[in-house]
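Coordinate analysis (summary)
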Amino acid sequence: MSVEYRSPATQAELDDTFACSARAFGGGEWALPFFTNIATHDPWFKLGNTRACFVDGKAVSVVQIFDRPMRIGNCVVRMGGIGSVGTDPRYRNQGYSLNVLMDSVKYLKESGYDLSMLGTGVQSHYERAGWVVHPTYSWTFTIPDCIQELPDGITFEQYAIDRDLEDLMKMYDLFNQNRTGTFLRPEDYWRQNPKWRTEPIFWIARTENRCVAYLRASQWSILEVGFLPGSRDAMVGLISWFIRRAKAAEEDKAVATLPSELIDLVWESGCTLNRREITSWMVRIIGLHSLLEKIAPLLEARIKNSRFEGLTRRIGLEYEAGSASLDLQQGKVCICDAGTEPMGNLRLSQMQLMRLLVGSLTAHQIVASNNLDLSQELVENLGVIFPPDELFLWRTDTF
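Residues numbered from 1 in each chain as written. Predicted model: local features only at pLDDT ≥ 70, side-chain atom pairs only at ≥ 80, totals over all residues. Heavy atoms only, no water.

1. Some points on helix 9 (residues 288-304)
The terminal C-alpha atoms of helix 9, which comprises 17 residues, lie 23 Å apart, in line with the 24 Å expected from a rise of 1.5 Å per residue. Residue Ile295 marks the point of greatest curvature in helix 9, where the axis turns by about 50 degrees; the proline Pro297 follows within four residues. Within the sequence span of helix 9, burial applies to Leu288, Leu291, Leu292, Ile295, Ala296, Leu298, Leu299, Arg302 and Ile303. (Helix = DSSP H or I, 4+ residues; strand = E, 2+ residues; numbered from the N terminus. Expected span 1.5 Å × (residues − 1). Bend = angle between axes of the 7 residues up to and from the residue. Buried < 20%, exposed > 50% of the residue type's maximum accessible area, 1.4 Å probe, protein only.)

2. Observations concerning the sheet that holds strand 15 (residues 313-319)
If you trace the 4 strands from one edge of the open sheet to the other, you get 17-16-15-18, paired in mixed fashion. Across the chains shown, the open sheet's two edge strands, defined by having one partner strand only, are strand 17 (332-336) and strand 18 (345-347). Recorded for the sheet is a direction-independent mean angle of 20 degrees between the axes of neighbouring strands. Relative to strand 18, strand 15 runs parallel, the two sharing 3 bridges. Paired with Gly316 across the two strands is Asn345, which belongs to strand 18. Together, strand 15, strand 16 (322-329) and strand 17 form the strand contacts of helix 9, whose direction differs from that of strand 17 by roughly 165 degrees. (Pairing = 2+ DSSP bridges. Axes fitted to C-alpha atoms, helices over the stretch in contact; angles between N-to-C directions. Contact = heavy atoms within 4.5 Å.)

3. Looking at helix 12 (residues 376-385)
Turning to helix 12, its buried residues number three or more, namely Leu378, Val379, Asn381, Leu382 and Ile385. Relative to the axis of helix 12, the buried residues are bounded by an arc of 155 degrees and lie together on one face. For helix 12, the secondary structure elements touched by its buried residues are helix 9, strand 15, strand 16, strand 18 and helix 11 (363-370). (Arc of directions from axis to C-beta.)

4. Describing the side chain of His134
Relative to the assigned elements, His134 resides in the loop between strand 6 (132-133) and strand 7 (136-142). Separated by 3.4 Å, the side chains of His134 and Ser360 make a polar contact. Ignoring sequence-local partners within four residues, the contact set of His134 consists of Ile278, Trp281, Met282, Val283, Met354, Arg355, Val358, Ser360 and Leu391. (Polar contact = N/O pair within 3.5 Å; in protein donor to acceptor, adjacent residues only side chain to side chain.)

5. Here's the deal with the sheet that holds strand 6
Taken together, the 7 strands give an open sheet; going across it, the order is 1-2-3-4-5-14-6, and neighbouring strands pair in mixed fashion. The open sheet has two edge strands with one neighbour each: strand 1 (3-6) and strand 6. As paired elements, strand 3 (residues 58-72) and strand 4 (residues 75-87) share 11 bridges and run antiparallel to each other. Considered in strand 4, the bridge of Val62 is made with Gly86. Those strands touched by helix 9 are strand 3, strand 4, strand 5 (115-119) and strand 14 (281-285), and its axis lies near 140 degrees from that of strand 4.

6. Quick word on the nonpolar core
In this structure, Leu215, Leu326 and Leu346 are the most contacted members of the largest nonpolar core, which totals 106 residues. Of all the elements, helix 7 (residues 232-248) adds the most residues to this core, at 9 residues. Beyond its immediate chain neighbours, meaning those up to four positions away, Leu326 contacts Leu292, Leu299, Arg313, Arg314, Ile315, Leu317, Val333, Cys334, Ile335, Ile385 and Phe386. Ranked by size, the runner-up nonpolar core spans 21 residues in total, among them Cys53, Leu108, Met282 and Ile286. (Core = buried A, V, L, I, M, F, W, Y, C linked by side-chain atoms within 4.5 Å.)

7. Regarding the pattern of salt bridges
Applying the stated criterion across every chain, the model contains 27 salt bridges. With a closest N to O distance of 3.2 Å, Arg163 and Glu157 form a salt bridge. Because the salt bridges share partners, they merge into one network encompassing Glu157, Arg163, Asp164 and Arg206. (Salt bridge = Lys/Arg side-chain N within 4 Å of Asp/Glu carboxyl O.)

8. Some thoughts on the pairing of strand 4
Counting buried residues in strand 4 gives 11 out of 13 residues, a clear majority hidden from the surface. Alignment of strand 4 against strand 5, held across 4 bridges, turns out to be parallel. Paired with Ile82 across the two strands is Leu118, which belongs to strand 5. As a crossover connection, the stretch from strand 4 through helix 3 (residues 96-110) into strand 5 is right-handed. (Right-handed = clockwise from strand over helix to strand, strands pointing away.)

9. Quick word on the pairing of strand 10 (residues 210-218)
For a regular strand, side chains alternate in direction, first toward one face of the sheet and then toward the other. Within strand 10, 7 of the 9 residues are buried, which leaves the element mostly enclosed by the surrounding structure. Bridge count between strand 9 (residues 201-207) and strand 10: 7 bridges; the pairing is antiparallel. By the bridge assignment, Ala205 is partnered in strand 10 with Ala213. Bridge analysis of strand 10 against strand 11 (residues 221-227) gives 6 bridges, and the strand direction is antiparallel. The residue bridging Ser218 from the neighbouring strand is Ser221, located in strand 11.

Interpretation in functional terms is not warranted from these geometric data alone.
Right under this line is the structure:
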């Protein structure tokens, strides 16, 4: 029996991987077109990003890598999203899926990716291949009896792609230009995304014939919002308008997946909110050096705008799968190999390191949790370099 872990070499083999994924997910009428459309419409698709186990030339287990440029602050890193993971039911429990994941990690490293993300309900399977849980949050809100009055001078209507796409693209880029976790979206992505994922509905707020805010929803779940500077009231009005529609449909609850900083938009609409932690998202650092090098300009800007401007020292970062040092010279950041740093190493887990890099865990919390003997000055330096923030992925960008 011949067993190979690789990408498909021909269109026929690629089609075979789609058929394998369809069988893995139950083989319903929806399945084969769904997985085929990923190749047809994803603007970043390429043959090598399909990883599979071929047994005697037939695909029996598949992983799809979704190439995405992702922001950390105002810098862009290369993220490989993992999706379409499945094994033909006849070949399960033989280790093929885990081996395809490990082949995918090797491919990600060789191809220059910085990190990887995935969403799953079976975390233990991916933990064995090096991914770790990164908690995210959604919000359930109760529809109030009294809803805020809609603002004057604003109209609310459904988005029309040929009329509104350019405005939405500009608004999205401006609204998310510093939002960690969001993707850069070329025009092809905007146009093609609904063709391989369920198409949520856009609603827009327009004033003086100009689109100033938008909301994407599926049923009574808010998946994405955005608004222009100075148009916060229009955004609150659009959410209130959405809530009025939910109430008219006799709904008493709705859901919003929003960054923490935007939750006030829903609260100002008169709703009672409850936060729910989601543990389905997982991350894996692929190239620590390249990741740090790409966000070095962001780290330098943070130092420059702090009382540590001109900081000179070396800080080591060590986790179970790798290490690197931040060599700070007069506030400039150079990434180098880790060594025995005379002024301190930060030893932490991959989960802690990823959360430190994106701001959802502070250096002070890590030092206390790991009982590390680091100087107060070093902890303060790390607090400036990695301030509190949030890794946030719009639901409309899931893969």
